[in-house]
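The primary structure of each chain is shown beneath.
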Amino acid sequence: MKSWQYLAIWLCAAVSRSSTQNCDTKNSSSLHYDSLELFVETSARVYHMEVDQFKNDGSILIGTNKNLQTTNGKITTDLTYFRAVGFTQVNKTNVVIVDRNHHCLKMLNREYSSLEVFAGQCGLAGGYIDGDASVGRLRYPWAVIIDARDPSQLLVTDSHNDALRSVNLKTGFLSTITEYGFSAPVGLTWGDNQLMVVSNHHYVSQVSWTVNNTASSTLIAGSLTHGDTLGESSKAKFTFPFEIEKVRDGKYLVTDAFNKKLKMLDMNEKKIGPVCFKGEQCCTVGSQFPSHVFSVLKVKEKVYVGLDKDIYRIIEPPVMKRLSFSLEYDINCALLADDRSKIMLSRVMKLKLQKIKMLLNPYFALSSTLRPSYNCTNKVLRLFWPTNDVYPADTIQPSTLLNDQLKNKLLQTKAIKAMGVTLSFKSIKAASSLVSSTRFIPARKNTNGEVLLPVFTSPCTDERKRYDAERKICYL
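Presented here is an overview of the structure given in this document. (Residues numbered from 1 in each chain as written. Predicted model: local features only at pLDDT ≥ 70, side-chain atom pairs only at ≥ 80, totals over all residues. Heavy atoms only, no water.)

### Things to note about the overall build of the protein chain
Argument step 1. In terms of regular secondary structure, the protein chain is built from four helices and 34 strands.
Argument step 2. Buried residues in the protein chain amount to 49% of all 476 residues.
Argument step 3. Within the protein chain, counting contacts between residues at least 6 apart in sequence, those at least 24 apart form 52% of the total.
Argument step 4. If you sum the accessible surface of the protein chain, you get close to 23800 Å²; carbon and sulfur atoms cover 52% of it. (Helix = DSSP H or I, 4+ residues; strand = E, 2+ residues; numbered from the N terminus. Buried < 20%, exposed > 50% of the residue type's maximum accessible area, 1.4 Å probe, protein only. Contact = heavy atoms within 4.5 Å. Areas by Shrake-Rupley, 256 points an atom, 1.4 Å probe, with all protein chains shown as cover.)

### What to know about the sheet that holds strand 15 (residues 185–191)
Strand pairing in a sheet relies on backbone hydrogen bonds, with the paired strands running either antiparallel or parallel.
Argument step 1. What the four strands build is an open sheet, ordered 15-16-17-18; its pairing is antiparallel. Of all strands in the sheet, those bounded by a partner on one side alone are strand 15 and strand 18 (215–222). Within this sheet the neighbouring strands show an average axis-to-axis angle of 25 degrees, counted without direction.
Argument step 2. Sheet topology note: the strand 17 (residues 203–209)/strand 18 ladder contains seven bridges and is antiparallel. Considered in strand 18, the bridge of Val207 is made with Ser217. (Pairing = 2+ DSSP bridges. Axes fitted to C-alpha atoms, helices over the stretch in contact; angles between N-to-C directions.)

### With respect to the packing of aromatic side chains
Argument step 1. If you walk through the whole model with that rule in mind, you get ten aromatic pairs.
Argument step 2. Each residue in the set Tyr47, Trp142, Phe242 and Phe294 is aromatic and connected to the rest through ring pairs, giving one cluster.
Argument step 3. Directly above the aromatic system of Phe82 lies the positively charged group of Lys106, at a separation of 4.3 Å from the ring centroid.
Argument step 4. The side chain of Arg149 reaches across the aromatic face of Trp209, ending 3.8 Å from its centre. (Phe/Tyr/Trp six-rings, centres within 6.5 Å; stacked < 30°, edge-to-face > 60°. Lys NZ or Arg CZ within 6 Å of the ring centre and 35° of its normal.)

### Brief notes about the state of the cysteines
Argument step 1. Following the criterion strictly, the structure yields three disulfides and no others.
Argument step 2. Across a sulfur-sulfur distance of 1.7 Å, Cys104 and Cys122 are joined as a disulfide pair. Across the disulfide from Cys104 to Cys122, rotation about the S-S bond amounts to roughly 80 degrees, and the bridge is consequently right-handed. Here Cys122 lies in the loop between strand 10 (114–120) and strand 11 (141–146) and Cys104 lies in strand 9 (residues 104–109), a separation of 18 residues in the sequence.
Argument step 3. Cys122 sits in the partly exposed class, given a relative accessible area of 27%.
Argument step 4. With its sulfur 2.1 Å from that of its partner, Cys276 forms a disulfide with Cys283. One disulfide, between Cys276 and Cys283, carries an S-S torsion of 95 degrees and so falls in the right-handed class. For the pair formed by Cys276 and Cys283, the shared burial category is buried. (Disulfide = S-S within 2.5 Å.)

### Remarks on helix 2 (residues 339–360)
Since one α-helical turn is 3.6 residues long, residues separated by three or four positions face the same way.
Argument step 1. Here helix 2 is 22 residues long and its end C-alpha atoms lie 31 Å apart, about the 32 Å a rise of 1.5 Å per residue gives.
Argument step 2. Helix geometry: helix 2 is bent most strongly at Leu353, by close to 25 degrees.
Argument step 3. For helix 2, the set of buried residues is Ser341, Met344, Leu345, Val348, Met349, Lys352, Leu353, Ile356, Leu359 and Leu360. (Expected span 1.5 Å × (residues − 1). Bend = angle between axes of the 7 residues up to and from the residue.)

### Points about the environment of Asp158
Argument step 1. As for its position among the elements, Asp158 is in strand 12 (residues 153–158).
Argument step 2. Once the C-alpha coordinates of Asp158 and Tyr140 are considered, the two residues, 18 residues apart in sequence, prove to be 6.3 Å apart.
Argument step 3. Beyond its immediate chain neighbours, meaning those up to four positions away, Asp158 contacts Arg137, Leu138, Arg139, Tyr140, Pro141, Ala163, Arg165 and Pro185.
Argument step 4. Among the polar contacts made by the side chain of Asp158, one reaches the side chain of Arg165 at a distance of 2.6 Å. (Polar contact = N/O pair within 3.5 Å; in protein donor to acceptor, adjacent residues only side chain to side chain.)

### Describing the sheet that holds strand 32 (residues 453–457)
Argument step 1. Strand order in the open sheet made by the four strands is 28-29-27-32, with antiparallel pairing throughout. Looking along the sheet, the strands with just one partner apiece sit at the ends: strand 28 (373–377) and strand 32. Averaged over neighbouring strand pairs, the angle between their axes works out to 35 degrees when direction is ignored.
Argument step 2. The pairing of strand 28 with strand 29 (residues 380–391) spans five bridges and is antiparallel. Bridging from a neighbouring strand, Ser373 pairs with Phe384 of strand 29.
Argument step 3. Across the face of the sheet, helix 2 comes into contact with strand 27 (321–330), strand 28 and strand 29 while running at roughly 45 degrees to strand 29.

### Re the pairing of strand 12
Successive residues of a regular strand alternate their side chains across the two faces of the sheet.
Argument step 1. Within strand 12, six of the six residues are buried, which leaves it mostly tucked inside the rest of the structure.
Argument step 2. Two strands pair when backbone bridges link them, and strand 11 and strand 12 are joined in this way by four bridges, in the antiparallel orientation. Its bridge partner being in strand 12, Val144 is matched across the sheet by Val156.
Argument step 3. The antiparallel pairing of strand 11 with strand 12 creates a hairpin that spans six residues between the two strands.
Argument step 4. Judged from the six bridges that link them, strand 12 and strand 13 (residues 163–168) form a sheet pairing that is antiparallel. When the bridges of strand 13 are listed, Thr157 appears paired with Leu164.

### Observations concerning the pattern of salt bridges
Argument step 1. Across all of its chains, the model carries 14 salt bridges by this definition.
Argument step 2. Among the salt bridges present, the one from Arg149 reaches Asp147, with a minimum N-O distance of 2.8 Å.
Argument step 3. Among the residues examined, Asp147 registers a relative accessible area of 2% and is labelled buried.
Argument step 4. As a salt-bridge pair, Asp228 and Lys263 come within 2.8 Å of each other at their nearest N and O atoms. Of this pair, Asp228 sits in the loop between strand 18 and strand 19 (231–232) while Lys263 sits in strand 22 (residues 261–266); the two residues are 35 residues apart in sequence, bridging distant segments of the chain.
Argument step 5. Looking at Asp228, the relative accessible area reads 37%, which means it is partly exposed.
Argument step 6. Using a relative accessible area of 1% as the deciding quantity, one classes Lys263 as buried.
Argument step 7. Within the structure, one salt-bridge network assembled from shared partners comprises Asp228, Asp256, Lys261 and Lys263. (Salt bridge = Lys/Arg side-chain N within 4 Å of Asp/Glu carboxyl O.)

Written out as structure tokens, the structure reads:
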């Protein structure tokens, strides 16, 4: 082997070592799943999926660019024979289906296998007209969903009119919600009391309503320029995204079709992060699927992903490690045994929460859904504030998740002093009298002089389940 070939091999190894050593383990805006597995093969692109309410046996209802199908992973049954890119189940029996190529919506009755035109003018040229079922027109509609604000209404993405439309479920009356802020709108979902809309021209918007019911759309991730970029939502890029699905509080999966990836939209941190399922030690760019990714559906801990002619399944690990921040204090635990002391301690933790939020900003966000907690054993009081950040179960050292800027911030004298607590106790001085005493208790320091420390807890991915620390399993 020639000397330049040895040099090339050495350089490649050096780059590999460098990239491993510099792996950013503090990447809370990422999601890890177990390995990819094939769920079912289909005959066409899978544009939308829902759990089949009519069969109620765990089957998945699938909308493709050929038909509407139902499958349990072994047998696929065709329910229609037209391009059904979008649909929604309005109840156990009836399904509203988007007939994209004929510019209309149809209603399928599963019990009687009847199919009727519901809204728009099937077979006529597409248009943009508000009105009842006999006159209202759409132009290449894509997705439909029940309006969470008013279940008697459906919301429809009218892709070639760049508009969000509304359809009355009883009359089929078609109206316009808003026609501003979209460019070829396709997928949509409700999450965190907001409507999220994916525009096929590379971005995600959020629709909100004022008190007088006026809707407006705000771009929250991506841009009109395609690409494959992670990071801040305003700078991130997609290439023809199609669907969005909420997976956790403030976190959504977006199908980035032509990059063959899922990406994670983190509304809490305003970032777009990677989704990994191939056992990557460092989830920095995201795992690629075998072909274009069009649809996504979360069912408990499983995520179904619709591709060109397949549906794959990735499974969320049942136990994850949540990053929390902890403070410790030297105190006689017996002083905290009565109800009054517990109420006092709860108030102290709420006050301390705001200070900790300021200290951790902008590196970590405290959870808005999980409450702070405490325990007291062996004369040590421990307080815990959970964050939004969840990591794979095999992540070992929480201290490695803190960058130097945050570490220096937490070591400042002012920050350390602010972590102390003032507690008021009542003790019996004589047989018939109680005496109150107020005491300032500084937070305990570790050998490095740190007081606010990162720690891991192990919650279950499924919030209905509890974690058994001894058996290391989640159970109902």
